[in-house]
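# Topology and contacts: notes
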Amino acid sequence: GFIFVVCFSLAGERQTNKIKERYVRAIIHQDIGWFDEHPTGELPTNVISLISKVQDGVGRKLGDIVMNLSGALFSFVAAFYYNAVLSAILLCAIPLIIGSFGLLANAMNSSSSDSTKLYSKAGGVANEVLGGIKTIASLCAEKDEFE
């Protein structure tokens, strides 16, 4: 299990590094007008949160899905071998389970996208504030700002 998790985690890390490189190249090649529509302070925050989701999905979670699906498949084979009638009756409940997981995933996705937007805006405000503090410090105007 350890090697399985390590391999998928490394694959996820490599994929996210490639995505980061391509994203930076794509931003560099944008027209100036694009930066007017997309505030520069929100870009790093948005990229970090989305990249971490991709890394989780490609890395550990993909490995968990493969491991759990293979375990479920072998469990069904063993269940049908030992008691086919009971296994067939329990198999009828699978659509209900899948439907409930689908509803749960949809609710989590919508709340996650809302929080990502808010987190992105907060990161933009934080970058602007830190930029202002750097400007004030570079002009040695701290005393004037405190008054």
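Being a predicted model, the structure only gives us computed values, none of them experimental. (Residues numbered from 1 in each chain as written. Predicted model: local features only at pLDDT ≥ 70, side-chain atom pairs only at ≥ 80, totals over all residues. Heavy atoms only, no water.)

### A few points about the side chain of Thr16
Relative to the elements of secondary structure, Thr16 occurs in helix H1 (residues 2-28). The class for Thr16 is buried, based on a relative accessible area of 1%. Setting aside its immediate chain neighbours within four residues, Thr16 contacts Ile51, Val54 and Gln55. (Helix = DSSP H or I, 4+ residues; strand = E, 2+ residues; numbered from the N terminus. Buried < 20%, exposed > 50% of the residue type's maximum accessible area, 1.4 Å probe, protein only. Contact = heavy atoms within 4.5 Å.)

### Digging into helix H5 (residues 94-138)
The end-to-end C-alpha distance of H5 is 64 Å, a good match for the 66 Å that 45 residues give at a rise of 1.5 Å each. Among the residues making up H5, those that are buried are Thr116, Ser120, Gly123 and Gly124. Where H5 terminates, the next one or two residues include Cys140, which has phi positive at roughly 55 degrees. (Expected span 1.5 Å × (residues − 1).)

### Observations regarding the side chain of Ser87
With respect to the helices, strands and loops of the structure, Ser87 is situated in helix H4 (residues 84-91). Among the residues examined, Ser87 registers a relative accessible area of 7% and is labelled buried. Residue contacts for Ser87: discarding those within four places in its chain leaves Ala79 and Phe80.

Geometry only, nothing functional implied.
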